[in-house]
Structures are given as C-alpha cells and as structure tokens.
Amino acid sequence: MGPAAHPGEEPVTLEPAQADTRTTPWWADAVIYQVYPRSFADADGDGMGDLPGITARLDHLASLGVDALWLSPFYLSPQHDAGYDVADYRQVDPRFGTLADFDALREKADGLGIRTIVDLVPNHTSNEHAWFQAALTAAPGSPERDRYLFRDGRGPDGSEPPNNWTSVFGGPGWTRVSDGQWYLHLFDVTQPDLNWHNPEVVAEFDDVLRFWLDRGVAGFRVDVAHGLVKHPDLPDWDGHTAMVEGTKRAEGADPIEEHVPAPMFDQEGVHEIYRHWNEVLGEYDGDRMMVAEAWVEPAPRLAKYVRPDEMQQAFNFEFLIEGWDAAGMARAVDSVMSANGAVGAPTTWVLSNHDVVRHTSRFGLADPTGRSAGIGAEDEQPDAGIGLRRARAATLAMLALPGSAYLYQGEELGLPEATQLPADVREDPTFVRSGGADVGRDGCRVPLPWQAGAPAYGFSPTGASWLPQPASFADHAADVQEGVPGSTLELYRQMIALRRELRLGTGTMAWADVHAPAEGILAFTTGDMLVVLNTSDRAFELPAGAELLLGSVPDAIDGGALVPDAAVWVRLP
C-alpha cells in the first residue's frame, strides 16, 4: 500500500499582506468554486444539469475571478446518492454527457485560467459496480468478496449483524445477502464499503487517479477521506457519526478521547494510502493537489492529513460549524491555523457545501449559532433578510483569512435554502433511511437561477428541474444582479478581486487590539488592513481615521461605527 510510515467601494492601493514571491503552489491561496453538476446548468433540457451546461456557463466563474472549479461526481452511477454511488470511475454518466464533454469542459476552463478538480469516492462503490455484482455471485471467502467487507453474522444462525455499527445515513450499517453473509455500508445500502487492505483495491485506485490526471485534472476532492481503513477487529462501538459534525459518543457514555478514534474512521492506515497517492501526483507537473473531506476532531488529528508527504489540503469544517458566533469563529481560526502551522500546511475556509444548510439560511435561524442538517416546511423558517446579511458579512471576513477558500455554487447569488420541498420530490437517502425524521440535504441542492423571467429561471431551456425551485429564486437570479451595485453577485466579485490584488491568501493575520470575541467582535489585521466582523446587536466604533475598502453591505458604517450583522475591510491610518 505504498511507502512505510514516518513522523462596496472601489479598491484603493494597499500594501500586500505579504510579498508574493509565487514560490507557493497555486492551491495554497486559491478560491475554489464547487459545482454540483445536477444543479448548475442543464443544456439538453431533461431537467438535470450536465457537463455541456457547465461549459456554457464557465464565463460566469471567470467573471467571479475563481482559480479552480471542483466538480461533484459525474461518473456512471444509479444516482441513489446523487452520484456518490459510483458504478464506473472512468465513465461519465449519460445523464451528464460523455468523456468528450468532460474534455471540452476542462479545456475551456483551462483557457479561462480555471483549473478543474474532480471528486474521488474511494470509501465505497455503487452496488451496481461490476466488482460488487461479481461479489454477490461469488462464494464467501472468494477474491471477489475480499474487495469489500463481507463478514459472517453473529448468533447461532448468523442472523445478527457482525457488529453494531450504524449507517451515517441512519439505520443499520450492515445488510445480509442471500447466502447469509453480511456486507458493510457506512452510508446507503447501495454503497458497499471497499476493503483497503486488499492490494487489488489499492492498484485500482492508482489507475483511476492516473486516468483523470492524464486527462488534465488539477487534483481531487477525496470523499470520506478518513473512512477508508477500518479497525481490523471491527469491534462494537456505541457512538454516532454525522456528516460534517464528526463522531460522538452515545448519550451518557464516556467522552471520546483524542487518541482513540472511532473504529470505522480516522484509523492510522489511511495515512499510508495518502502518502502513496502523494507520490502518484508527484509523477505529474503543475502542482496537482488533493483535498480531504475528513470529519476529524480535534484539529491536530486533521492536520495529520496535510503533512508534507500526504494531502495538500483538508476541509476546515470546524470554522463552518461554529455558526454565527464570533467567539466560536475565533476559536476555530486559532485551533486550525495552529494545527496546520505545526505541519507547514495552509488552511482552508468554507461556509457552505452540498451537505449542509446554506449559510444564508443557517444564519437566519433564531439560534444562528446552531447548525441544522436540513430545514423542512414544518421546521422553523429562517429570516431571509437577516440570514443573507450575516452570510455576506461572514464571507467577507472569511475571504480575508490566509489560505484557500471554497465557495458553493449559488452562494454568490445569495441563494437561500429551499425549505418547502414536499416529501415526494426529496431524493436524499438520509430522508428515506430516517423515515423523514431527517429532511436531508436536498434543500441546498436545488438548481440555480440564471434568468428571472426564463423557464426554470434559465436553468433548463424546457423549464424542467429535477427539484422544484422556490419562487424567491427569481429575486436572486444572476441576470437581475449583474452590474447592480450592492448586489451579492457584485460583492463576491469585489471580494475576490481585492483578495487577489492584496494577496491575502498568502498573507499573515494577527488578532487586532479591538478584537473582542466575547462581545461579538471578530477583528484581525492582515498587512495594513483591518478586518472587523460584528456579530453583536450593537454598533461597534471603528478606529479613528479607518478608511473603508469594502463593506458587506452598503450601509456597513454609520457615523464611524460598524453596524450589527456586518463586516468591513478598512485601511488603518
């Protein structure tokens, strides 16, 4: 399995946060835009987004100024989990197009200065993958079954699962097949977990990596990066796992010790895999990269994934889950930057993705520090105005932090969560497996609005849409924000442009004298710029003589004070 382990206004001129020698790789300070192919743009009119649709809208990403796009899965798949159930890692699903369509997308993106990152799903395959179909017809103990985690059951007749592990999506983590054995699926029943102790699995993914690297991709977002290796004894475990939030003990059980990870996650063996993959990427030029989706706590354990000979980045979910809370945000910044600094790695920042409620809506809840797995029609409904105002402010602060930033499609339009989706249109397996108790992630995956007056708001030429779009999306359509001062779209363009001009991503930061997180004020300096985020309900007096560079809203400063639910970049006198 690879080598052995080892230890609002026009920008004014500012001094860069740090001299840019361009010796750092491109990904260290990149702004990366996540494209969820089902919902970005539909070219053929079938109601589901596709690769030609993305290609036709790449100018939008270029006008934003992003450095790379990350494509969520577009591989051949029965789509039981929106493509994260892969049946063939080397083929494009016909719903999304062809390999030629992918090549055209990647080539056009390259021409616009936008690199392409693709999703890699190595923890599990689809149950329709040729390997799993072969395993079902093979005998217990066969080489075909050894590619997955098949085990005999417990009890006199083997009718009990091999252990008590549950699925992240709800329900049991094991399913029995016709000959009496059981297979592990930490996610949906249609997503059997692979056996990463099998050399054939290792060799297969080496080949998959090279297949896409040969097609010019700049890197990979690695799904469930902490989950590939399981404890060899598959012991019982009484905790619970949740997407983004990580692992938790059962109520009343002892707290999770930092050095004792859950037996299905964050095992030391995963690092051997990533050291080997690092070598594979090293065979190619252009600073190819990997970013880990790893729900790992505390921060020093996550930092192990980004040691110099492993992955280049890992998603910083600690910052995301702190919510609208200056003290929590400050703790997350300190924690993650300290841990990453100890291994010489830059930090990533993200506020929304395809697995969480959009931060425009999370921040509009009565408890804006809470984090919801989904919002349904019967749940508390967010305050759209407050949520958007806070989301703009949080993003302004985030984009000033050193490291790279990930944006989720539609956040530049200020899109809210779709909270009124009826049960009969929901497709997320978490909704099905929980019996509707968990409304799932469909609300953040609704297709984008491009034109307010067009069918499906310009998403599809026929007006078809795989999930219904709320009427409110018309107000957020790209065409009604284009060129409008103060619109969320124009704010994102300004933020990204000024971030690049000042080279904030490769800069340094320090907490400012006015930093007061306990009072709702997050404040730090970078270069000769001061960044202030006001999460309190009171105006905050800015330093005398501070010159406004950019505000999260046009009225961010009133009489020399930063108003509540707003943020600014100002130049210090």
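Scroll up to find the structure this text is about.
Now for a description of the structure that goes with this document. Since this is a predicted model, take the numbers as computed values, not measurements. (Residues numbered from 1 in each chain as written. Predicted model: local features only at pLDDT ≥ 70, side-chain atom pairs only at ≥ 80, totals over all residues. Heavy atoms only, no water.)

This paragraph deals with the packing of helix 7 (residues 199–214) against helix 8 (residues 269–281). At their nearest, the axes of helix 7 and helix 8 sit 10 Å apart, and the two run at 35° to each other. When you trace helix 7 past helix 8, the crossing you get is right-handed. Here Val 202, Phe 205, Asp 206, Leu 209, Arg 210 and Leu 213 of helix 7 lie close against helix 8, whose contacting residues are His 276, Trp 277, Val 280 and Leu 281. Looking at side-chain class alone, the contact of helix 7 with helix 8 contains 7 nonpolar, 1 polar and 2 charged residues. (Axes fitted to C-alpha atoms, helices over the stretch in contact; angles between N-to-C directions. Helix = DSSP H or I, 4+ residues; strand = E, 2+ residues; numbered from the N terminus. Left-handed = near helix turned anticlockwise from the far one by under 90°. Contact = heavy atoms within 4.5 Å. Nonpolar A, V, L, I, M, F, W, Y, C, P; charged D, E, K, R; others polar.)

With that settled, consider the pairing of strand 23 (residues 566–571). With 5 of its 6 residues buried, strand 23 lies for the most part within the structure. In this sheet, strand 23 lies alongside strand 18 (residues 529–534) in antiparallel orientation, the contact comprising 6 bridges. Among the inter-strand pairings, Asn 534 is bridged to a residue of strand 23, identified as Ala 566. Strand direction decides the pairing type here: strand 20 (residues 547–551) and strand 23, joined by 4 bridges, are antiparallel. Its bridge partner lying in strand 23, Glu 547 is registered against Arg 571. (Buried < 20%, exposed > 50% of the residue type's maximum accessible area, 1.4 Å probe, protein only. Pairing = 2+ DSSP bridges.)

Relative to the helices and strands, Glu 144 resides in helix 6 (residues 143–146). For the pair formed by Glu 144 and Tyr 36, sequence separation is 108 residues and the distance between their alpha carbons is 33 Å. When neighbours within four sequence positions are excluded, Glu 144 is seen to be in contact with Ala 134, Ala 135 and Ala 138.

A few words now on the side chain of Asp 81. Turning to its location among the elements, Asp 81 is positioned in the loop between strand 3 (75–76) and strand 4 (88–92). The class for Asp 81 is buried, based on a relative accessible area of 5%. Engagement of the side chain of Asp 81 in a polar contact is seen with the side chain of Arg 441, the distance being 3.2 Å. Apart from the residues within four sequence positions on either side, Asp 81 is in contact with Phe 169, Gln 191, Pro 429 and Arg 441. (Polar contact = N/O pair within 3.5 Å; in protein donor to acceptor, adjacent residues only side chain to side chain.)

Taken together, the buried positions of helix 5 (residues 130–137) are occupied by Trp 131, Phe 132 and Ala 135. All buried residues of helix 5 fall inside an arc of 95° around its axis, so they share one side. In helix 5, those exposed residues whose orientation departs by more than 90 degrees from the buried face are Ala 130 and Thr 137. The secondary structure elements touched by the buried residues of helix 5 are helix 6, strand 6 (150–151), strand 8 (182–184) and helix 7. (Arc of directions from axis to C-beta.)

The strand order across the open sheet formed by 8 strands is 13-12-9-5-2-1-15-14, and the pairing between neighbours is parallel. If you trace the sheet from one side to the other, it starts and ends with strand 13 (313–314) and strand 14 (348–350), each paired once. The pairing of strand 5 (residues 115–120) with strand 9 (residues 219–222) spans 4 bridges and is parallel. When the sheet's bridge partners are listed, Ile 117 is paired in strand 9 with Gly 219. Its contacts with the sheet place helix 8 against strand 5, strand 9 and strand 12 (289–292), and it is angled at close to 150° to strand 12. The sheet strands contacting helix 17 (residues 488–501) are strand 1 (31–35) and strand 15 (404–408), and the helix crosses strand 15 at an angle near 165°.

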